[in-house]
Amino acid sequence: MMLRSIVGASPRLTAAAALAALTALVGCEDKPSKLSVGTAPAVPCDLKAEGLAGTEWVINRINPDKTEVPDHAARLKFFDEGGKLKAKYNVMSVAAMYTYDCEVTPNGLTCKEPPKPKDYCQALVAGKAECTPEALKAIAPDLSDEAIATGIKEANEVIAKFKGGPDWGKFEFNNNNLGNKLRGILYVKVNDKQCNLRVTDNYMTIYNGKKLEDSNPVGTNAFVKNGLGELLWEDCKDTTGFIPLGAEGFPADPAKAQPVVLHPAGSTVHYYVLAADLQAPVEGCSYSYQTWLGGKPLAKDLKPAEVDGPAGKRLEWHVSQTFDAPSATGDGEVLALDLTKTCAGKEPEKRLLCAQVMVK
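My aim in this report is to walk through the structure given alongside it, one point at a time. (Residues numbered from 1 in each chain as written. Predicted model: local features only at pLDDT ≥ 70, side-chain atom pairs only at ≥ 80, totals over all residues. Heavy atoms only, no water.)

Topic: helix 1 (residues 117–126)
Put simply, the test is: Relative accessibility under 20% of the residue-type maximum defines a buried residue, over 50% an exposed one, and the middle range a partly exposed one, all with a 1.4 Å probe and only protein chains included. Every helix listed is a DSSP run of H or I at least four residues long, and every strand listed is a run of E at least two residues long, numbered separately from the N terminus. Contacts are residue-level and defined by heavy atoms, with any inter-residue pair within 4.5 Å sufficient.
The element helix 1 is largely enclosed, with a buried count of 8 among its 10 residues. Turning to helix 1, its buried residues are P117, D119, Y120, C121, Q122, A123, L124 and A126. As for helix 1, its buried residues are in contact with helix 2 (133–139), helix 3 (145–162), helix 4 (168–175), strand 6 (183–191) and strand 7 (196–207). One or two positions beyond helix 1, positive phi appears at K128, with a value near 65°.

See the structure below:
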């Protein structure tokens, strides 16, 4: 489940062991769902659902021996944007980060990803139902009339490309199955006794023309305040411009370079940025970057080297990392490069690139 998108289907990130794909690094990994309760707080709890902006939370993982460990593999961050409460949540993905809009309810918070009317329309048609403004409004009452009209138009353009063609059956399957996760939904309750959050991680899909809701593999768990330090909260969409290699040395032909995704324990992996638009320095611009490993800071205040290339000066973004032990999970190891391009008179440009390897 490493593909970011499939024919006619809405892109949705997933994480799995199919490392050879490496065209995406995300999604909803198959982790066991457990309800953890946490230990009693030492001080009175002053948590309020409406006051969560600016707080970070990580899942309270329960080990086989019943000990509890905060684990940033699933992490949740609340923030205020224009007076509205929002959340960033990774659904236990190794590189994806999703944004949710939150509303205070009598039971706590309900947080949902922004609606995707185009994808809903495709799912309805693939399930042999009719995509109408009324049908879309019933699925997502928060959709505006303008968004509905645009979604229907865009979906019809996609449907027209496949309808009656050899890939129509594939289109129907990709858009009409219970695993087609069309909208993430979080139900968040404040647990006053443990002074933590009880988070239920669900998703909405449309199957055979009907709206359904089911649980993501993360399930329902206690989340505790982040005490693990700085964590990565950005979504990594660029998974092809930064590749791992088995030996040091910039590829002679970057366009033909292939990532080396399997490495023995104790080996050093060499990573290079091969994105074409990041090769040549731009006059009046400076570059810096920091690295993250598994969502935690690795190194900061780094700068690419300027080296001589066939066409003049070239930026060389090189990161080396030694992995002493085999990967603990089937997700492998994800290294991210968070770069900033600063040019005179312009706002700095940010970009996050990720690469995944498996150490055996």
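Side note on the sheet that holds strand 10 (residues 262–263)
Within a sheet, neighbouring strands are paired by backbone hydrogen bonds and run either parallel or antiparallel to one another. Quick reminder of the rule: Strands are treated as partners if at least two bridges between them are detected by DSSP.
Taking strand neighbours across the sheet as the criterion, the 5 strands line up as 10-18-17-12-13 in an open arrangement whose pairing is mixed. Looking along the sheet, the strands with just one partner apiece sit at the ends: strand 10 and strand 13 (296–302).

Digging into the state of the cysteines
Cysteine pairs can be covalently joined through their sulfur atoms, and such a bond is termed a disulfide. Under the convention used in this document: Disulfide: a pair of cysteine sulfur atoms within 2.5 Å of each other.
Tallied over the full model, the rule gives 5 disulfides. Between the sulfur atoms of C121 and its disulfide partner C131 the distance amounts to 2.0 Å. Measuring the twist about the S-S bond at about -125°, one finds the C121-C131 disulfide to be left-handed. Here C121, found in helix 1, pairs with C131, found in the loop between helix 1 and helix 2; they are 10 residues apart in sequence, far enough to count as distant. Residue C121 is classed as buried on the basis of its relative accessible area of 0%. We classify C131 as buried; its relative accessible area is 14%. Note on cysteine connectivity: C285 is disulfide-linked to C343, with sulfurs 2.0 Å apart. Here the S-S torsion is close to 110°, and the disulfide linking C285 with C343 is therefore right-handed. One end of the pair, C285, is in strand 12 (residues 285–293); the other, C343, is in strand 17 (residues 333–343), and 58 residues separate them in sequence. For the pair formed by C285 and C343, the shared burial category is buried.

Overview of the packing of helix 1 against helix 3
The relative placement of two packed helices comes down to the angle between their axes together with the axis-to-axis distance. In plain terms, the rule: Here an angle of 0 to 180 degrees is reported between the N-to-C directions of two axes, which are lines fitted to C-alpha atoms, with helices fitted over the stretch in contact. Relative orientations are named as follows: roughly parallel for angles under 35 degrees, roughly antiparallel for angles over 145 degrees, roughly perpendicular for angles from 65 to 115 degrees, and oblique for any other angle. We call a crossing left-handed when the near helix sits turned anticlockwise from the far one by less than a right angle, and right-handed when that turn is clockwise. Residues are grouped as follows: nonpolar covers Ala, Val, Leu, Ile, Met, Phe, Trp, Tyr, Cys and Pro; charged covers Asp, Glu, Lys and Arg; every other residue, Gly included, is treated as polar.
Two numbers describe how helix 1 lies on helix 3: the axes approach to 7 Å, and their chain directions differ by 50°. On the basis of their axis angle, the class for helix 1 and helix 3 is oblique. In terms of crossing hand, the pair formed by helix 1 and helix 3 is right-handed. Contact with helix 1, carried on its side by P117, K118, C121, Q122 and V125, involves A147, G151, I152, E154, A155, V158 and I159 of helix 3 and no other residues of that element. The class makeup of the residues in the contact of helix 1 with helix 3 is 8 nonpolar, 2 polar and 2 charged.

What about the sheet that holds strand 5 (residues 108–112)?
Around the barrel, 8 strands lie side by side as 1-2-3-4-5-6-7-8; this closed barrel has antiparallel pairing. Put simply, the sheet's adjacent strands are angled 35° from each other on average, direction ignored. Two elements, strand 2 (residues 68–81) and strand 3 (residues 84–89), share 6 bridges in a ladder whose sense is antiparallel. Note that in strand 3 the partner of E81 across the bridge is K84.

Concerning the pattern of salt bridges
Rules: Within this document, salt bridges are pairs made up of a side-chain nitrogen of Lys or Arg and a carboxyl oxygen of Asp or Glu, the two lying within 4 Å of each other.
Per the stated rule, a full pass over the model turns up 16 salt bridges. As a salt-bridge pair, E81 and K86 come within 2.8 Å of each other at their nearest N and O atoms. Judged by its relative accessible area of 17%, K86 falls in the buried class. One salt bridge connects E230 with K300, and the closest N-O pair in it is separated by 2.7 Å. Here E230, found in the loop between strand 8 (210–225) and strand 9 (242–245), pairs with K300, found in strand 13; they are 70 residues apart in sequence, far enough to count as distant. You can call E230 partly exposed: its relative accessible area is 40%. By relative accessible area, K300 is classed as partly exposed at 42%. Members of the salt-bridge network, linked through shared partners, are E81, K86 and D101.

Quick look at helix 3
Spelled out, the test is: The length a helix should cover is 1.5 Å for every residue beyond the first. The directions considered for the arc are those from the helix axis to the C-beta atoms.
Helix length check: helix 3, at 18 residues, gives a terminal C-alpha distance of 26 Å against a target of 26 Å (1.5 Å per residue), a fit within 8%. Listed in full, the buried residues belonging to helix 3 are I148, G151, I152, A155, V158, I159 and F162. The buried residues of helix 3 occupy one face: seen down the axis, they fall within an arc of 135°. Turned more than 90 degrees off the buried face of helix 3, the exposed positions are E146, K153, A160 and K161. For helix 3, the secondary structure elements touched by its buried residues are helix 1, helix 2 and helix 4. Count one or two residues on from helix 3 and you reach G164, which has phi positive near 80°.

Things to note about the pairing of strand 14 (residues 305–309)
Looking at chain direction, strand 14 and strand 15 (residues 312–316) are connected through 5 bridges and run antiparallel. Note on strand 15: the bridge partner recorded for D308 is K313.

Section: the packing of helix 1 against helix 4
Where helix 1 contacts helix 4, the two axes come as close as 8 Å, and the packing angle between them is 115°. The chirality of how helix 1 crosses helix 4 is left-handed. For the pair helix 1 and helix 4, the contacting residues are Q122, A123, V125 and A126 in the first and W168, F171, E172 and N175 in the second. The class makeup of the residues in the contact of helix 1 with helix 4 is 5 nonpolar, 2 polar and 1 charged.

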